[in-house]
Structures are given as C-alpha cells and as structure tokens.
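# Commentary on secondary and tertiary structure
The lines below spell out each chain.
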Amino acid sequence: MNDPLPDLDGRSGIERLVNAFYGRVRSDDLLGFIFDDVAGVDWGVHLPKMYAFWETVLFRSGGYTGNPLAAHAKLAPLTAMGRPQFDRWLEVFRATVDDLFAGENAEHIKSCAADMANVIHLKINRIPDPRLDPANLTPEQRARYAAYKSTTR
Ligand code: HEM
C-alpha cells in the first residue's frame, strides 16, 4: 500500500503545491497561453507571489498584499476569462492538491480556491451576485429591508 499523503502543513508544502499546479497550468490547452502569451508572466516573480498568497490565505502569514481582482480584471478584455476557464483552473487546482496532500488544510485550501474563483469570476465579468438580486429575496428578507430605517442619515 502507498504511504498516506501528508497534510499541507506550512511553507514548504505550499511551494510544492504552487510549483506543481503552475507546471500543469502551463501545459493546459485552455489556460497555459493566458499566462505565457497573453499576460507574459515572469515566473520568477509570479511563483514567489503565489507562495506568499497561499501562505497568507491558509496560515495568515506570508505577507501577501496584492490585488487579485485587479490582476484578473486586466486580463478579461484580452482573453476569455469565463466559467469554462475558472472551472478548468479549479479542476487542475483540486487535482494537484489531491495528488500531493490529504487532510484538513488540503480540504480548506480547495474550498478557499473555489470561493475565490467564484468571486473573481463574477466581479471581473460584472455578473451580479444572484444572492443580492432583489427578485431572489425571501419574503422575510424583503419585509426586514422594507422596515429598516438607516441611522446614519
Ligand atoms: C481562469 C482562471 C485564472 C487565470 C487564467 C489566471 C491568470 C492569472 C495571471 C495571468 C496572473 C498574472 C497577472 C500579472 O502578473 O499580470 C494571475 C495572478 C494572480 N492570480 Fe490568477 N488566474 C486565474 C484564477 C485565479 C484564482 C481562482 C485565484 C485565487 C484562488 C487566482 C489568484 C491569483 C493571484 C493571487 C494573483 C497575483 C495577483 C497580484 O499581482 O497580486 N487566480 N492570475
């Protein structure tokens, strides 16, 4: 039997995950060219940035202070950045995590990635969040909002 996989437990695990993930992304038919041709990513800069990003997400250290929304918003006018691209990104991310790690942090990073993919996708394509559409409010929410009086004005 194979040894059980370790959980993602710190910076060295994150570096292994990020390196393996972008190795796969670069040879992906739907995503690779976006990094190498459209954005012309400098991997010597991008990889350390992504180590810091995931270390910050998972362990609240790592010092990432960038703006992921802006980075992807820049790409949207240049190339397709729709649900198929985000779904593929997530599929590759989940498969990479599952090939290398197992445990609570491995589960957590996959769920963070899915949440952020959804937010980035909706924002950069200016798709309104369906949960905020007045047509989708429950009768209770509608009554509560109608009764609410702002105290700041
Ligand atoms: C369709 C899917 C995606 C594509 C094609 C994509 C592509 C890219 C590219 C090309 C860059 C580099 C931009 C630049 O340096 O000019 C970038 C940066 C980045 N991406 Fe993505 N990305 C995708 C999804 C995601 C998701 C789901 C996340 C988060 C879970 C993410 C997190 C980041 C972060 C943190 C940066 C660095 C932003 C900064 O400069 O601070 N990306 N992405």
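Residues numbered from 1 in each chain as written. Predicted model: local features only at pLDDT ≥ 70, side-chain atom pairs only at ≥ 80, totals over all residues. Heavy atoms only, no water.

Each helix and strand counted, the protein chain has 7 helices and 0 strands in total. Counted from the first residue to the last, the protein chain has its helices and strands arranged as α-α-α-α-α-α-α. For a compact globule of 153 residues, the expected C-alpha radius of gyration is about 15 Å, and the protein chain comes in at 19 Å, more than 25% above that figure. Principal-axis analysis of the C-alpha atoms places the extent of the protein chain at approximately 60 × 40 × 30 Å. In the protein chain, buried positions account for 33% of the 153 residues. For the protein chain, the proportion of contacts with a sequence separation of at least 24, taken over those separated by at least 6, is 72%. (Helix = DSSP H or I, 4+ residues; strand = E, 2+ residues; numbered from the N terminus. Rg over C-alpha atoms; globule rule 2.2 N^0.38 Å. Buried < 20%, exposed > 50% of the residue type's maximum accessible area, 1.4 Å probe, protein only. Contact = heavy atoms within 4.5 Å.)

Let us look at helix H3 (residues 43-59). In a regular helix each residue adds 1.5 Å, so 17 residues correspond to 24 Å; H3 covers 23 Å between its end C-alpha atoms and thus fits that length. Turning to H3, its buried residues are Trp43, His46, Leu47, Met50, Tyr51, Ala52, Phe53, Trp54, Glu55, Val57 and Leu58. The backbone nitrogen of glycine 44 has a side-chain oxygen 3.0 Å away, supplied by the residue at the start of H3, namely aspartate 42. Within two residues after H3, arginine 60 carries a phi angle of roughly 55°, on the positive side. (Expected span 1.5 Å × (residues − 1). Polar contact = N/O pair within 3.5 Å; in protein donor to acceptor, adjacent residues only side chain to side chain.)

Helix length check: helix H1 (residues 11-26), at 16 residues, gives a terminal C-alpha distance of 22 Å against a target of 22 Å (1.5 Å per residue), a fit within 8%. Next to the buried residues of H1 lie helix H2 (32-38), H3, helix H5 (83-100) and helix H6 (104-124).

Another aspect to go through is the coordination of the iron atom of the ligand. For a metal with four tetrahedral donors the ideal donor-metal-donor angle is 109.5 degrees, whereas six octahedral donors ideally subtend 90 or 180 degrees. If you check the protein contacts of the iron atom of the ligand, you find one donor only, His72 (NE2), at 2.0 Å. Note that histidine 72 resides in helix H4 (residues 68-75). (Donors = N, O, S within 2.8 Å, 3.2 Å for Na, K, Ca; no water.)

Taken together, 24 residues surround the ligand, and among them Phe35, Lys49, Tyr64, His72 and Trp89 come closest. In the environment of the ligand, an oxygen atom lies 2.8 Å from a nitrogen or oxygen atom belonging to the side chain of lysine 49. At 2.5 Å, a side-chain N or O of tyrosine 64 approaches an oxygen atom of the ligand. Here the ligand is seated within the largest pocket. Mapped by element, the contributors of at least two residues to the shell around the ligand are H2, H3, H4, H5 and H6. The class makeup of the residues in the shell around the ligand is 17 nonpolar, 5 polar and 2 charged. (Near = heavy atom within 4 Å. 1 Å grid on protein atoms, 1.4 Å probe; cavity = no way out; pocket = protein on both sides within 12 Å on 5 of 7 lines; lining within 4 Å. Sits in = over half its atoms within 2 Å of the grid points. Nonpolar A, V, L, I, M, F, W, Y, C, P; charged D, E, K, R; others polar.)

For the rest of this paragraph, the subject is the packing of aromatic side chains. A complete count under the given rule lists 10 aromatic pairs for this structure. Here phenylalanine 53 and tryptophan 54 contribute two aromatic rings whose centre-to-centre distance is 4.9 Å and whose plane-to-plane angle is 70°, an arrangement assigned as edge-to-face. With a centroid separation of 5.1 Å and an interplanar angle of 10°, the aromatic rings of tryptophan 89 and phenylalanine 93 are classed as stacked. A residue pair is termed a helical-turn pair when its members lie 3 or 4 positions apart in one helix, as tryptophan 89 and phenylalanine 93 do in helix H5 at 4 residues. The exposure class assigned to phenylalanine 93 is buried, which follows from its relative accessible area of 1%. (Phe/Tyr/Trp six-rings, centres within 6.5 Å; stacked < 30°, edge-to-face > 60°.)

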